[in-house]
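Examining the three-dimensional arrangement
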Amino acid sequence: MKKSRTKKNRSKPKKPVVAFLSLSGCEGCSFAMLDLGGEFFNALVHHYKLGEHHFLEEMKEKSHYDICFVDGSCLTKENVKVLKEMRKKSDFMVAVGSCAALGVVPVIKNFVNKKQKAKYVYPNLREPFNPDIHPISRYVKVDLVIPGCPIDNKEFLKVFTDVAQGITPALSHRPVCYECQTNGNPCLLQKGEPCLGPVIQGGCNAVCLNSRYYCRGCRGLIQDPAYDDAIKTLNKKLEKMIGKRALHHIFQIYGIQEDWLNRL
Ligand code: SF4
Ligand code: SF4
Ligand code: SF4
């Protein structure tokens, strides 16, 4: 299947062959899928032919996949190799979760003395492979991103069934504030506390704010230039509130620092 997965090939009767690849990560996104239980397996059986899953080691690799879902980041040479090989074999690649989309927690090492930290963790390893961490889109073409750390599994299920049918999934392009206010939460920013919600891509049902914990941007910045002014304004406000250093530490948690600073 060489066509892009758009409405044009929706009527294709053959079930797409799907692969699941997990690079380095906490497996939280894989378990978010499995937490769907019957809903996930019903959707899998109904819409797909299973080609490969990282939890099923006895499955033989195939030479071609219609769709591949990838979670985790490239922390090792093997990760990069496997990702590139999988891309060659797959017509459509979906980055699942913010490790794949942004790099997430491992990105923190981009901002510290990597050599020194590696020596601390691996004192006997002379030259560990210790690259900067990037979104997987730096290594391969990514056709679709499902953000979140972890993913929202209901959102995943919708995307999972949509792409199988050649439907372009409608992900939220509203900021986290929209869901936060719809849920009736008090606004932390208005109380003088930090929150990145106004410029972060929603779709998580403002889950952190529902527990009165501020948004640290795990779903990444809204990729719409119309938000550039809002990013600048929020940056000024937050720098004044908590200082530049503390603010940058927040950006580094989920790997949004580079993107944020580029848009100032
Ligand atoms: S995005 Fe978060 S939950 Fe998903 S694998 Fe990475 S660290 Fe784990
Ligand atoms: S608490 Fe954060 S996400 Fe909620 S409305 Fe205020 S700024 Fe937006
Ligand atoms: S509120 Fe912010 S940090 Fe929490 S899940 Fe949503 S995007 Fe991620």
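Residues numbered from 1 in each chain as written. Chains lettered and ligands numbered in written order. Predicted model: local features only at pLDDT ≥ 70, side-chain atom pairs only at ≥ 80, totals over all residues.

Remarks on the site of ligand 2
If you check the shell around ligand 2, you find 14 residues, and the closest are Cys177, Cys180, Cys187, Cys195 and Gly197. At four residues, the largest contribution of residues to the shell around ligand 2 is made by helix α7 (residues 176-182). Residue composition of the shell around ligand 2, by class: eleven nonpolar, three polar and no charged. (Near = placed C-beta within 6 Å. Helix = DSSP H or I, 4+ residues; strand = E, 2+ residues; numbered from the N terminus. Nonpolar A, V, L, I, M, F, W, Y, C, P; charged D, E, K, R; others polar.)

Let's talk about the environment of Val142
Within the secondary structure layout, Val142 lies in the loop between α5 (114-121) and β5 (144-146). For the pair Val142 and Glu58, spaced 84 residues apart in the sequence, the C-alpha separation amounts to 27 Å. Look past the residues within four positions of Val142 in its chain and what remains in contact with it is Met93, Ala95, Ile136 and Ser137. (Contact = placed C-beta atoms within 7 Å.)

Description of the sheet that holds β5
Pairing in this open sheet of five strands is parallel, and the strands run β2-β1-β3-β4-β5 from one edge to the other. Bordering the open sheet on either side are β2 (49-53) and β5, each of which pairs with just one other strand. Sheet twist, expressed as the mean angle between neighbouring strand axes with direction ignored, is 20°. Where strand β1 (residues 17-22) meets β2, four bridges bridge the pair, whose relative direction is parallel. Directly across from Ala19, in β2, lies its bridge partner Glu52. Seen against the sheet, helix α3 (residues 77-89) touches β1, β3 (65-71) and β4 (90-96) and runs at an angle of roughly 135° to β4. (Pairing = 2+ DSSP bridges. Axes fitted to C-alpha atoms, helices over the stretch in contact; angles between N-to-C directions.)

What to know about the UniProt feature "transmembrane region" (unreviewed entry) in the chain
Following the UniProt record, the feature "transmembrane region" (unreviewed entry) maps to residues 92-112 here. Strand forms 24% of residues 92-112 and helix 24%; the C-alpha atoms that close the span are 35 Å apart. (UniProt positions renumbered as here; feature names shortened; annotations may be inferred.)

Examining the environment of Ala43
Structurally, Ala43 can be placed in helix α2 (residues 38-47). Put simply, Ala43 and Thr161 are 118 residues apart on the chain and 6.5 Å apart in space, counted from C-alpha to C-alpha. Aside from chain neighbours lying at most four places away, what touches Ala43 is Leu157, Phe160 and Thr161.

Topic: the pairing of β4
With six of seven residues buried, β4 is to be regarded as a mostly interior element. The pairing of β3 with β4 spans six bridges and is classified as parallel. Pairing of Val70 across the sheet is with Ala95, part of β4. Following the backbone out of β3, through α3 and into the adjacent parallel β4, one traces a crossover that is right-handed. In this structure, β4 lies alongside β5, joined through three bridges in parallel fashion. When the sheet's bridge partners are listed, Val94 is paired in β5 with Leu144. (Buried ≥ 20, exposed ≤ 12 C-beta atoms within 10 Å, placed from the backbone. Right-handed = clockwise from strand over helix to strand, strands pointing away.)

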